[in-house]
Amino acid sequence: MNNQIRISPVRLVDVGGEQIGIVSIEDARAAAEKRGLDLVEVAAAARPPVVRIMDYGKYKYEQTTSISKRGTLAGSWRKATR
């Protein structure tokens, strides 16, 4: 994330999923900083690596809430089938 990405150039993907293109890591960091968001490496094995501009804190929060919702739904389904 952000300063942990070392390889340049990278393929940059915008917040909406639109590909911006292949840019230097410095330009990608500047674009993320300009928007006040994070630069996250999503495909390290690809050449060039794919990075995405996103709000990483929001992403992690949505992941944890969706997991907890799935757990409660499965539990209520089990109770209803008994």
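The structure displayed is predicted, hence computed values, not measured ones. (Residues numbered from 1 in each chain as written. Predicted model: local features only at pLDDT ≥ 70, side-chain atom pairs only at ≥ 80, totals over all residues. Heavy atoms only, no water.)

**Looking at the overall build of the protein chain**
Part 1: Scanning the protein chain from terminus to terminus reveals 2 helices and 4 strands.
Part 2: Ordering the α and β elements of the protein chain from the N terminus gives β-β-α-β-β-α.
Part 3: Out of the 82 residues in the protein chain, the part that is buried amounts to 26%.
Part 4: The contacts of the protein chain with a sequence gap of at least 6 include a subset with a gap of at least 24, amounting to 38%. (Helix = DSSP H or I, 4+ residues; strand = E, 2+ residues; numbered from the N terminus. Buried < 20%, exposed > 50% of the residue type's maximum accessible area, 1.4 Å probe, protein only. Contact = heavy atoms within 4.5 Å.)

**Structural notes on the pairing of strand E4 (residues 50-54)**
Part 1: With 4 of 5 residues buried, E4 lies mostly within the body of the structure.
Part 2: Bridge count for strand E1 (residues 10-13) against E4 is 3 bridges, and the pairing is parallel. Bridge pairing in E4 links Arg-11 to Val-50.
Part 3: Direction of pairing for strand E3 (residues 38-43) relative to E4: antiparallel, over a ladder of 5 bridges. Paired with Glu-41 across the bridge in E4 is Val-51.
Part 4: Hairpin connection between E3 and E4: a loop of 6 residues separates the two successive antiparallel strands. (Pairing = 2+ DSSP bridges.)

**Points about helix H1 (residues 25-35)**
Part 1: Buried within H1 are the following residues: Ile-25, Ala-28, Ala-31 and Ala-32. Along the axis of H1, the buried residues cluster in a sector spanning 125°; they form a single face. Exposed side chains of H1 directed beyond 90 degrees from the buried face belong to Glu-33 and Lys-34.
Part 2: Buried positions along H1 lie against E1, strand E2 (19-23), E3 and E4.
Part 3: Just beyond H1, the residue with positive phi is Gly-36, at close to 75°. (Arc of directions from axis to C-beta.)

**Considerations on the sheet that holds E4**
Part 1: Strand order across the open sheet formed by 4 strands is E2-E1-E4-E3, with mixed pairing between neighbours. Each having just a single partner strand, E2 and E3 make up the two edges of the open sheet. Strand-to-strand twist in this sheet, taken as the mean axis angle between neighbours without regard to direction, amounts to 30°.
Part 2: Each of E1, E2, E3 and E4 is contacted by H1, which is oriented at about 130° to E3, the strand it contacts most. (Axes fitted to C-alpha atoms, helices over the stretch in contact; angles between N-to-C directions.)

**Considerations on the confidence of the model for the protein chain**
Part 1: Mean pLDDT over the protein chain: 82, with 77% of residues reaching 70 or higher.
Part 2: Within the protein chain, helix H2 (residues 56-81) has the poorest average pLDDT of any element, 69, and E1 the best, 93. (pLDDT = per-residue confidence, 0-100.)

**Some thoughts on the environment of Leu-39**
Part 1: Note on placement: Leu-39 falls in strand E3.
Part 2: C-alpha separation for the pair Leu-39 and Ala-28, spaced 11 residues apart in sequence, amounts to 7.4 Å.

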